[in-house]
Amino acid sequence: MLILLPPSEGKAGEGSGPPLGELSFAALDRPRKRVLTALIRASKRRDALDVLGLSPGLAGELAKNLELQTAPTLPASDLYTGVLYEKLGLGTLTDEARKRAEESVLIFSGLWGVLRIIDRIPPYRLSMGVNLPVLGGLAAFWRPKVSKELERLDGLVVDLRSATYAGAWQPGERSVAVRVFREGKVVSHMAKATRGEIARTLLEIGADPATPGELAEFLSGQGYAVHLVEPARPNRPWTLDVSL
């Protein structure tokens, strides 16, 4: 089983480890360097905030981007601090669940493409939704490169990403995209919390569903109100609707 996560805008303030070194999926190193170089250049521009889609209050984030090549790092499991990651609680998993997370959790990133939770990276600011000068839209930039690497991995794909990050890889019919509803409406903030809880449940209990139906059955057994929807057309993901 693979569990796909988005990153979070909320991040730890700084790392304490060595500068950037080897990351998972070494075949992505060259495109990572291209994005890193383009991001540093974009962060030096007078219109950097507009280019990167940042508000004036986030101007301080540009300095972090300029120091990416030498800044101290920390594991991805410690870097992301948003609502989804709070509920997932990677730092409080049992040893066995942590090992499962290291093997199955994949974090998508506009800068790094895709990471495992053990990868050490510095704090940064770059959304997958950015149209980065020279490279263009990042989801389109990463899609062929990430797809080539991840299509080699086996297992059911539990997709907990937001739409922006889902554009970087579409696993097809072996994946289940999780949507969260409340009173019949799709919710955003609460969806992040629910997705984090679902990921934690899968890891802590050691569930390894092989089909979308098995995933739905497992989550139903854990008290979730779920409805599984078949793909609308070939090579599209299943959808699992979770009602709060």
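Everything numeric in this text was worked out from a predicted model, so none of it was measured.

Considerations on the overall build of the chain
When helices and strands are tallied, the chain shows 10 helices and 12 strands. Here the C-alpha atoms of the chain give a radius of gyration of 18 Å, agreeing with the 18 Å that 2.2 N^0.38 yields for 244 residues. Counting across all 244 residues of the chain, residues that qualify as buried make up 51%. Contacts in the chain between residues at least 24 apart in sequence constitute 70% of all its contacts with a sequence separation of at least 6. Just so you have it, the chain exposes about 11,700 Å², and 49% of that area is on carbon and sulfur atoms. A gap of 8 Å separates the mean positions of the 31 positive and 28 negative side-chain charges of the chain.

Description of helix 1 (residues 29-43)
Along an α-helix, residues three or four apart share an orientation, since each turn contains 3.6 residues. With 15 residues, helix 1 extends 21 Å between its outermost C-alpha atoms, agreeing within 8% with the 21 Å of an ideal straight helix rising 1.5 Å per residue. Listing the buried residues of helix 1 in full gives Pro31, Arg32, Val35, Leu36, Ala38, Leu39, Ile40, Ala42 and Ser43. Buried-residue contacts for helix 1 involve helix 2 (48-52), helix 3 (61-66), strand 4 (113-115), strand 6 (131-132) and helix 7 (138-150).

Topic: the layout of surface pockets
Within this model, the largest pocket holds a volume of roughly 910 Å³. The wall of the largest pocket is formed by 40 residues, among which Pro6, Arg161, Ser162, Ala163 and Tyr165 lie closest to the centre. Listing elements by their share of the lining of the largest pocket, those giving two or more residues are helix 5 (83-88), helix 8 (163-166), strand 9 (175-182) and helix 9 (189-205). In terms of residue class, the lining of the largest pocket is built from 21 nonpolar, 10 polar and nine charged. The space that makes up the second largest pocket amounts to roughly 190 Å³. Taken together, Leu20, Gly21, Glu22, Leu23, Asp29, Arg32, Lys33, Leu36, Gln69 and Trp112 make up the lining of the second largest pocket. Class assignment for the residues of the lining of the second largest pocket results in four nonpolar, two polar and four charged.

Thoughts on the environment of Ile118
Mapped onto the elements, Ile118 comes out in the loop between strand 4 and strand 5 (120-121). Residues Ile118 and Pro75, 43 residues apart in the sequence, show an inter-C-alpha distance of 5.3 Å. For Ile118, the residues in contact, after removing those within four places along its chain, are Pro75 and Glu102.

Observations regarding the packing of helix 1 against helix 7
Relative orientation and spacing of two packed helices are given, respectively, by the angle between their axes and the distance between those axes. Direction vectors running N to C along helix 1 and helix 7 enclose 165°, while the axes themselves pass 11 Å from each other. Between helix 1 and helix 7, the angle falls in the class roughly antiparallel. The hand of the helix 1/helix 7 crossing is right-handed. Contact with helix 1, carried on its side by Pro31, Arg32, Arg34 and Val35, involves Leu138, Phe141, Trp142 and Lys145 of helix 7 and no other residues of that element. In terms of residue class, the contact of helix 1 with helix 7 is built from five nonpolar, no polar and three charged.

As for the nonpolar core
Residues Leu52, Phe108, Leu126 and Leu132 are the most contacted members of the largest nonpolar core, which totals 75 residues. When residues no more than four places from it in sequence are discounted, the contact partners of Phe108 are Leu4, Leu5, Pro6, Pro7, Gly113, Val114, Val146, Leu150, Arg161, Tyr165, Ala168 and Trp169.

Conventions used here
- Residues numbered from 1 in each chain as written.
- Predicted model: local features only at pLDDT ≥ 70, side-chain atom pairs only at ≥ 80, totals over all residues.
- Heavy atoms only, no water.
- Helix = DSSP H or I, 4+ residues; strand = E, 2+ residues; numbered from the N terminus.
- Rg over C-alpha atoms; globule rule 2.2 N^0.38 Å.
- Buried < 20%, exposed > 50% of the residue type's maximum accessible area, 1.4 Å probe, protein only.
- Contact = heavy atoms within 4.5 Å.
- Areas by Shrake-Rupley, 256 points an atom, 1.4 Å probe, with all protein chains shown as cover.
- Lys, Arg positive; Asp, Glu negative; His and termini not counted.
- Charge placed at Lys NZ, Arg CZ, Asp CG, Glu CD.
- Expected span 1.5 Å × (residues − 1).
- 1 Å grid on protein atoms, 1.4 Å probe; cavity = no way out; pocket = protein on both sides within 12 Å on 5 of 7 lines; lining within 4 Å.
- Points joined across faces, edges and corners; volume = space filled by probe spheres on them.
- Nonpolar A, V, L, I, M, F, W, Y, C, P; charged D, E, K, R; others polar.
- Axes fitted to C-alpha atoms, helices over the stretch in contact; angles between N-to-C directions.
- Parallel < 35°, antiparallel > 145°, perpendicular 65-115°, else oblique.
- Left-handed = near helix turned anticlockwise from the far one by under 90°.
- Core = buried A, V, L, I, M, F, W, Y, C linked by side-chain atoms within 4.5 Å.

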